[in-house]
Amino acid sequence: MSASATIPSQVGRSPWQDAWLRLRKNRLAVAGAGLVVAFALLCALGPLFAQSYQVQNLNLGAKGPSATHWLGTDTLGRDLLARILYGGRISLLVGLVASLVALLIGVTYGAVAGYAGGATDRVMMRGVDILYALPFTIFVILLMVFLKEPMQRFDAWLRNYELLGGRPFAELQGVGKVLLLFAAIGAVEWLTMARIVRGQVLAIKQMDYIAAARTMGVGNGRIIFRHMVPNLLGPVIVYTSLTIPAVMLLESFLSFLGLGVEAPMSSLGTLIKDGAERMEEYWWLLVFPGGAFSLTLLALNFLGDGLRDALDVRTAKE
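Note that the structure is predicted; figures quoted are calculated from it, not measured.

(A) Structural detail: the pattern of salt bridges. Throughout the structure, instances matching the rule amount to nine salt bridges. Across the pair Arg-83 and Asp-74 runs a salt bridge whose closest N-O atoms are separated by 3.7 Å. Here the two residues Arg-83 and Asp-74 agree in accessibility, since each one is buried. A salt bridge links Asp-309 to Arg-308; the shortest N-O distance between them is 3.6 Å. The exposure class of Asp-309 is partly exposed, given its relative accessible area of 33%. Ionic contacts of the salt-bridge type, sharing partners, join the residues Asp-74, Arg-78 and Arg-83 into one network.

In structure tokens:
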């Protein structure tokens, strides 16, 4: 009998498969992922079936939950469920896109700084230190004030562009403010990502396969983005998953300051702001948007913690 017949074959697993198995065993992370996906689907598809978030009924006014309006109506008679679903769409979009902007800037900046080393690295990272010294919120507010006029001109151009015309075009009103939120928040959230990536690159560039690539004449850009960045996906994915709830919180705070999206558009932050101003009279205007926002942030944090544990090499060895 051959040796191959007596020894059972074992199929090896890649590190990503091991991480997936560890993630599946984390019940809180799985529950968090399920809640995030369910809420995202509701926000994406719900407004197609729910009442329009813009339709007003001044005769109805603010009414509590009922069979017609499950979560009640606001002071203008607009369905609160529809506004929460639409506001959740905006909040998730701001969190995701601004985090991707921070991801793109932070990974590129940190990888270049770490790989270049020497004086280039010192100058680039001192720039990061200077930006860290500035209060994030004030920096975002300054960016939004500085870019407010170009975004207003963009919205005015949309309003005057008659070729689009009709109701579908009306849905684009205020999109300039949303784009401004993407740019402003993404412009400050990349700093920690740059530091994380730089630290990883400083270790990776000493490895043998990087030296072999240099010996073969591979260009610096290809070494960074073809050989180094793919090996950084673990920490990058973890930090990005934890950045999304932080960005959503920052957007909510900006909405409290009146710097969020403009009416008739809404985000969960603006709904919470409006509810907080009238919470003594109309409790549902604060409880339901605040509950949806808190549950979403909790689920995102559970998912981020689960990804961190699943992708941690030290956890894999235990």
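From this point, things continue past the structure.
(B) Fine view of the environment of Arg-214. When you line up the elements, Arg-214 lands in helix 10 (residues 208-215). Beyond its immediate sequence surroundings of up to four residues, Arg-214 is in contact with Tyr-115, Lys-205 and Ile-223. For Arg-214, the side chain forms a polar contact with the side chain of Tyr-115, separated by 3.4 Å.

(C) Just the nonpolar core, in detail. Counting residues in hydrophobic clusters, the biggest one holds 20 residues, and the most contacted among them are Phe-39, Leu-80, Ile-84, Met-248, Leu-268 and Phe-293. Sorting the residues of this core by element identifies helix 3 (27-49), helix 4 (80-116), helix 12 (233-256), helix 13 (268-277) and helix 14 (284-311) as the ones contributing at least two each. For this core, the element with the highest residue contribution is helix 14, accounting for seven residues. Not counting residues within four places of it along the chain, the set of residues in contact with Leu-80 comprises Leu-71, Gly-72, Thr-73, Trp-284, Leu-285, Phe-288 and Pro-289. One finds Ile-90, Leu-181, Phe-182 and Val-188 within the second-largest nonpolar core, a separate group that totals 17 residues.

(D) Fine view of the confidence of the model for the protein. Counting all residues, the mean pLDDT for the protein is 80, and 83% of those residues have values of 70 or more. Below a pLDDT of 50 lies the segment residues 166-170, which in the model reaches five contacts outside its immediate sequence neighbourhood of four places, other chains included.

(E) Structural context of empty space enclosed by the protein. Here the structure, examined in full by the defined rule, presents one cavity of 30 Å³ or more. Taken together, Leu-131, Phe-136, Phe-139, Ala-187, Val-188 and Leu-191 make up the full set of residues lining the largest cavity.

(F) Quick look at the packing of helix 4 against helix 14. Helix 14 packs onto helix 4 with a crossing angle of 35° between their chain directions and a minimal axis gap of 11 Å. Every pair of crossing elements has a handedness; the one defined by helix 4 and helix 14 is right-handed. Each of Leu-80, Ile-84 and Leu-92 in helix 4 lies in contact with helix 14, whose residues at this interface are Trp-284, Leu-285, Phe-288, Pro-289, Ala-292 and Thr-296. Here the residues of the contact of helix 4 with helix 14 sort into eight nonpolar, one polar and no charged.

(G) Structural view of the environment of Leu-286. Checked against the element boundaries, Leu-286 lands in helix 14. Placed 12 residues apart in sequence, Leu-286 and Asp-274 show a C-alpha to C-alpha distance of 7.6 Å. Apart from the residues within four sequence positions on either side, Leu-286 is in contact with Ile-272, Gly-275, Ala-276, Met-279 and Gly-291.

(H) Here's a closer look at helix 11 (residues 220-228). Regarding helix 11, the residues found buried are Ile-223, Ile-224 and Met-228. Buried positions in helix 11, seen along its axis, are confined to an arc of 95° and lie on one side of it. Considering only its buried residues, helix 11 is in contact with helix 4, helix 9 (191-204) and helix 10.

(I) Here's a closer look at the packing of aromatic side chains. Under the counting rule described, the total for this entry stands at four aromatic pairs. Ring centres of Tyr-282 and Trp-284 lie 5.6 Å apart, and the angle between their planes is 55°; on these two criteria the pair is classed as tilted. Given a relative accessible area of 8%, Trp-284 falls into the buried group. Here the aromatic rings of Trp-283 and Trp-284 are separated by 5.7 Å at their centres, their planes lie at 90°, and the arrangement is edge-to-face. With relative accessibility at 44%, the residue Trp-283 sits in the partly exposed group. Each residue in the set Tyr-282, Trp-283, Trp-284 and Phe-288 is aromatic and connected to the rest through ring pairs, giving one cluster.

(J) Here's a closer look at the side chain of Ser-267. Mapped onto the elements of the fold, Ser-267 is located in the loop between helix 12 and helix 13. Ser-267 sits in the buried class, given a relative accessible area of 0%. Non-local contacts of Ser-267, meaning those with residues more than four positions away in its chain, are made with Gly-87, Ile-90, Ser-91, Glu-251, Ser-255 and Val-261.

Parameters at a glance
Residues numbered from 1 in each chain as written. Predicted model: local features only at pLDDT ≥ 70, side-chain atom pairs only at ≥ 80, totals over all residues. Heavy atoms only, no water. Salt bridge = Lys/Arg side-chain N within 4 Å of Asp/Glu carboxyl O. Buried < 20%, exposed > 50% of the residue type's maximum accessible area, 1.4 Å probe, protein only. Helix = DSSP H or I, 4+ residues; strand = E, 2+ residues; numbered from the N terminus. Contact = heavy atoms within 4.5 Å. Polar contact = N/O pair within 3.5 Å; in protein donor to acceptor, adjacent residues only side chain to side chain. Core = buried A, V, L, I, M, F, W, Y, C linked by side-chain atoms within 4.5 Å. pLDDT = per-residue confidence, 0-100. 1 Å grid on protein atoms, 1.4 Å probe; cavity = no way out; pocket = protein on both sides within 12 Å on 5 of 7 lines; lining within 4 Å. Points joined across faces, edges and corners; volume = space filled by probe spheres on them. Axes fitted to C-alpha atoms, helices over the stretch in contact; angles between N-to-C directions. Left-handed = near helix turned anticlockwise from the far one by under 90°. Nonpolar A, V, L, I, M, F, W, Y, C, P; charged D, E, K, R; others polar. Arc of directions from axis to C-beta. Phe/Tyr/Trp six-rings, centres within 6.5 Å; stacked < 30°, edge-to-face > 60°.

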